[in-house]
Every structure is written in structure tokens, then in C-alpha cells.
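# Summary of the model geometry
Chain residues, written in single-letter form:
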Amino acid sequence: MKKYIIDGNNLIGKIKSIFTLQQKDKSQSRKNLIKILDKYFSDKKVKVNLHFDGFENDPLHSTKMKIIYSNNKSADTEIINEIDSEKNPKLLIVVSSDLKIYNYAKVNSCEVLKSEDFVKLISHKKNISEEQIQKSIADDEIKKMFGV
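Below is a short write-up of the structure. (Residues numbered from 1 in each chain as written. Predicted model: local features only at pLDDT ≥ 70, side-chain atom pairs only at ≥ 80, totals over all residues. Heavy atoms only, no water.)

### Things to note about the packing of helix α2 (residues 16-24) against helix α3 (residues 26-41)
Where α2 contacts α3, the two axes come as close as 6 Å, and the packing angle between them is 155°. Relative to α3, the element α2 is oriented roughly antiparallel. Contact residues: Ile18, Leu21, Gln22 and Lys24 in α2; Lys26, Gln28, Ser29, Asn32, Leu33 and Ile36 in α3. Here the contact of α2 with α3 is built from residues that sort into four nonpolar, four polar and two charged. (Axes fitted to C-alpha atoms, helices over the stretch in contact; angles between N-to-C directions. Helix = DSSP H or I, 4+ residues; strand = E, 2+ residues; numbered from the N terminus. Parallel < 35°, antiparallel > 145°, perpendicular 65-115°, else oblique. Contact = heavy atoms within 4.5 Å. Nonpolar A, V, L, I, M, F, W, Y, C, P; charged D, E, K, R; others polar.)

### Considerations on the packing of aromatic side chains
All chains considered together, the criterion is met by six aromatic pairs. Between Tyr4 and Phe41, the ring centres sit 4.8 Å apart and the planes meet at 65°, which makes this aromatic pair edge-to-face. Taken together, the residues span a long stretch of sequence, with Tyr4 in strand β1 (residues 3-7) and Phe41 in helix α3 at a distance of 37 residues. Its relative accessible area of 10% is what places Tyr4 among the buried residues. The exposure class assigned to Phe41 is buried, which follows from its relative accessible area of 0%. Ring centres 6.1 Å apart and planes at 35° place the aromatic pair Phe52 and Tyr69 in the tilted group. With Phe52 in strand β2 (residues 47-52) and Tyr69 in strand β3 (residues 66-69), this residue pair connects regions lying 17 residues apart in the sequence. Taking the relative accessible area as the measure of exposure, Tyr69 reaches 13% and is therefore buried. Put simply, the rings of Tyr4, Tyr40, Phe41 and Phe118 pair up and form one aromatic cluster. The cationic tip of Lys44 hangs over the ring face of Tyr40; the distance from NZ or CZ to the ring centre is 4.2 Å. (Phe/Tyr/Trp six-rings, centres within 6.5 Å; stacked < 30°, edge-to-face > 60°. Buried < 20%, exposed > 50% of the residue type's maximum accessible area, 1.4 Å probe, protein only. Lys NZ or Arg CZ within 6 Å of the ring centre and 35° of its normal.)

### Quick notes on the side chain of Asn10
Mapped onto the elements, Asn10 comes out in helix α1 (residues 8-12). Apart from the residues lying within four places of it in its own chain, the contact partners of Asn10 are Ser96, Ser97, Asp98 and Ser115.

Right under this line is the structure:
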């Protein structure tokens, strides 16, 4: 089974609306990213590990992904360790534009996708634009507030 390893902070930086939100509310930007990824992966039979820098202050939940915090280390180090521990790295799809991670994954026979290309893939596959992503997130938040 294919397994995605996603550099969460790097991916946030490639989605304008979420990156802007991150400047104000890091936890909410991560929640919004998780919503987008859960929708994208909902019909796929893959494993997904989403890596974030830092500590888990506000527990985040996903229906499709394992969320990993780097704690005292960098998320880059954790991603590299995960690549190293994989029995068959050819089944890995690493999503990051960080050159260190991108090159390391490539050298280790992983499939690699730059974060900006992954964003295009998500947007193209579901035919949604940045504005639609933003509206979808806002609608979800409003529905939650009114218990819908």
C-alpha cells in the first residue's frame, strides 16, 4: 500500500489562504489543512502521515491521517527518520518543497512531489480554486457554530 509522508508546515506555506491564517492562528490553519487533506484522501486507499514542527498543544483529529509532531526535533528530521525506517521506500510518496527532504527522498527511491505541485493536484482533481477552498473552510466553521 502506498504511503504519503507530508511536510505539513511546508504545504501550509503553499496554500495562500491557510498561510495567511497561520500568521494569526497556527492551530486553526493546521485544522483547515487537515480538512482539505481528509477530503482529498477520503476515497483513496493509502496511508498518510502528516508531519508538523513543534508540540501538540491543541489536539488535532483526522479521519484519514496520522498526525505527527516533531516535539524537540525538526519535522525534517522526523520525516527523514521515517523514510529510513520504511522497509520499501518505493511505496512512499513524500510531499515537500524543502530541498533537503526532497533530495533525500529521491535518493532513497521514494516518489517525490513538491508541495506546490501537490496543491495543484488537489485543486485540479477536485476542480476547486483557492477561493473555493477558503469558502469551504469558512462554511464548515459556520455550520459548526450553528450545530448543522
